[in-house]
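Chain residues, written in single-letter form:
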Amino acid sequence: MSTNVTEPVLKIKLVSRETVAERTMSFRFERPVDWSYRAGQSLDMTLLDPPETDGEGNTRAFTVSSAPRENAITITTRLRDTAFKRVLQRVPLGTEVKIEGPFGDFRLHRAARPAVLLAGGIGITPFRSILVETIGGGSLPYRVVLFHANRTPEEAAFADELRTLAQTDPNLTFVPTMTAMAASTQPWDGERGRIDAAMLERHLNGVANPIYYMAGPPGMVQAARATLVASGVDEDDIRTEEFTGY
């Protein structure tokens, strides 16, 4: 005779919403005292009895953009026109959602080798969590170079915070790049174009034998992987996290 064991349902309340970039919003939820996670992990979130739904359903996977040292569970997402995203933007503060997790093992290595982080768009979320957690606790244990590609400065989530982190910790170098400045109304004197071999070479001089981490849309991750492999990087030194649908 078998016994079915039902996992407890963990519900958390929406505390606040904040626009952090064009078409990008952070949703902050209360954090239960007994819920722990590592920086870079994700969770599954389910809307409870939403006022509307669609074919994509009521559950989404999100990387947690907050750091474990922060007293909240925050997710940050592009605002696609889906029922899930519309509901999340409109429900009253205090509304409960269900979460499951945490999941994943996307975290920095312990070996004394540099790290190169390649983020595309909203793929910055695990790196924001990892860097805030690590630098907030002291400093990075080795050189870290973070590249973040967006279409325009308006769409670059956490850019100011990442610049501040780089000023705080000399081991962190932040390299933002824009791929569609013709669509922007802001001035820009930084890198332009996609993250390619030439851009990496410009900023990684003296960064010996790094481990590479990539997070972003599948197309960006695949292209970045191909660039690294073509330049002679061992596939064992490449770690990825793909964001589909967000």
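All figures in this text were calculated on a predicted structure; none of them were measured in a lab.

A.B. asks: Before we go on, may I ask you to explain the overall build of the chain in this structure?
C.D. replies: Looking only at helices and strands, the chain has 5 helices and 12 strands in total. A compact globule built from 246 residues would reach a C-alpha radius of gyration of about 18 Å, and the chain, at 19 Å, matches this within 12%. A burial count over the chain gives 48% of its 246 residues as buried. For the chain, contacts bridging at least 24 residues in sequence account for 73% of all contacts bridging at least 6.

A.B. asks: I tried to follow the sheet that holds strand S9 (residues 172-178) on my own but got confused; where do I start?
C.D. replies: Spatially, the 6 strands line up as an open sheet ordered S10-S9-S8-S7-S11-S12, and their pairing is parallel. Strands at the two margins of the open sheet, each flanked by one partner only, are strand S10 (191-192) and strand S12 (238-242). Along the sheet face, helix H3 (residues 159-168) touches strand S8 (144-150) and S9 and points at about 150° away from the line of S9. Where helix H5 (residues 218-230) meets the sheet, it contacts strand S7 (115-120), strand S11 (211-216) and S12, and its direction lies at approximately 160° from that of S11.

A.B. asks: Please clarify how the confidence of the model for the chain should be interpreted in this entry.
C.D. replies: The predicted coordinates of low-pLDDT regions are not to be read in fine detail. Scored by pLDDT, the chain has a mean of 93; 95% of the residues are at 70 or more. Of the regions scoring below 50 in pLDDT, residues 1-7 engages in 0 contacts with residues more than four places distant in sequence or in other chains.

A.B. asks: Could you clarify how one ought to interpret the pattern of salt bridges in this entry?
C.D. replies: Any two side chains of opposite charge can pair, on the condition that their charged atoms come close. Taken as a whole, this structure holds 17 salt bridges when the rule is applied. The shortest N-O distance in the salt bridge between arginine 23 and glutamate 155 comes to 3.4 Å. In this pair, arginine 23 is assigned in the loop between strand S1 (10-21) and strand S2 (24-29) and glutamate 155 in the loop between S8 and H3, connecting sequence segments 132 residues apart. With a relative accessible area of 44%, arginine 23 lands in the partly exposed category. Across the pair glutamate 56 and arginine 80 runs a salt bridge, and its minimum N-O distance is 3.3 Å. Of this pair, glutamate 56 sits in the loop between strand S3 (42-47) and strand S4 (59-63) while arginine 80 sits in the loop between strand S5 (73-78) and helix H1 (83-90), placing them 24 residues apart in sequence. The exposure class assigned to glutamate 56 is partly exposed, which follows from its relative accessible area of 44%. Linked by salt bridges that have partners in common, Glu52, Asp81, Arg86 and Arg90 make up one network.

A.B. asks: So what exactly am I meant to see when it comes to unusual backbone geometry here?
C.D. replies: Peptide bonds are, in most cases, trans, and in most cases residues other than glycine have a negative phi. Following glycine 101, the chain continues to proline 102 via a peptide bond in cis, the omega torsion being 10°. Relative to the assigned elements, proline 102 resides in strand S6 (residues 96-103). Despite not being glycine, aspartate 49 shows a phi value in the positive range, around 50°. Relative accessible area serves as the criterion here: at 77%, aspartate 49 is assigned to the exposed category. At asparagine 209, a residue that is not glycine, the phi angle is positive and equals roughly 55°. Its place among the elements puts asparagine 209 in the loop between helix H4 (197-203) and S11.

A.B. asks: How do you make sense of the sheet that holds S6 when you look at a structure like this?
C.D. replies: Each strand in a sheet pairs with another by means of backbone hydrogen bonds, the pair being arranged parallel or else antiparallel. Taken in spatial order, the 6 strands of this open sheet run S4-S3-S6-S1-S2-S5, and their pairing is antiparallel. Edge strands, defined here as strands with exactly one partner in the open sheet, are S4 and S5. If you compare each strand with its neighbour and ignore which way they point, the axes differ by 40° on average. Here S3 pairs with S6 via 5 bridges, running antiparallel. Bridge pairing in S6 links threonine 46 to lysine 98.

A.B. asks: Even after reading the chapter, I still don't get the side chain of arginine 60, so can you show me in this structure?
C.D. replies: Turning to its location among the elements, arginine 60 is positioned in strand S4. Taking relative accessible area as the criterion, arginine 60 reaches 10% and is therefore assigned buried. A polar side-chain atom of arginine 60 sits 3.1 Å from the main-chain carbonyl oxygen of glycine 57.

A.B. asks: Quick question: what am I supposed to make of the packing of helix H2 (residues 125-136) against H3 here?
C.D. replies: Viewed as axis vectors pointing N to C, H2 and H3 meet at an angle of 35°, and their least axial separation amounts to 11 Å. For the crossing formed where H2 meets H3, the hand is left-handed. On H3, the residues that touch Arg128, Leu131, Val132 and Ile135 of H2 are Glu161, Leu162, Leu165 and Thr168. Across the contact of H2 with H3, the residue classes tally to 5 nonpolar, 1 polar and 2 charged.

What counts and how
- Residues numbered from 1 in each chain as written.
- Predicted model: local features only at pLDDT ≥ 70, side-chain atom pairs only at ≥ 80, totals over all residues.
- Heavy atoms only, no water.
- Helix = DSSP H or I, 4+ residues; strand = E, 2+ residues; numbered from the N terminus.
- Rg over C-alpha atoms; globule rule 2.2 N^0.38 Å.
- Buried < 20%, exposed > 50% of the residue type's maximum accessible area, 1.4 Å probe, protein only.
- Contact = heavy atoms within 4.5 Å.
- Pairing = 2+ DSSP bridges.
- Axes fitted to C-alpha atoms, helices over the stretch in contact; angles between N-to-C directions.
- pLDDT = per-residue confidence, 0-100.
- Salt bridge = Lys/Arg side-chain N within 4 Å of Asp/Glu carboxyl O.
- Polar contact = N/O pair within 3.5 Å; in protein donor to acceptor, adjacent residues only side chain to side chain.
- Left-handed = near helix turned anticlockwise from the far one by under 90°.
- Nonpolar A, V, L, I, M, F, W, Y, C, P; charged D, E, K, R; others polar.

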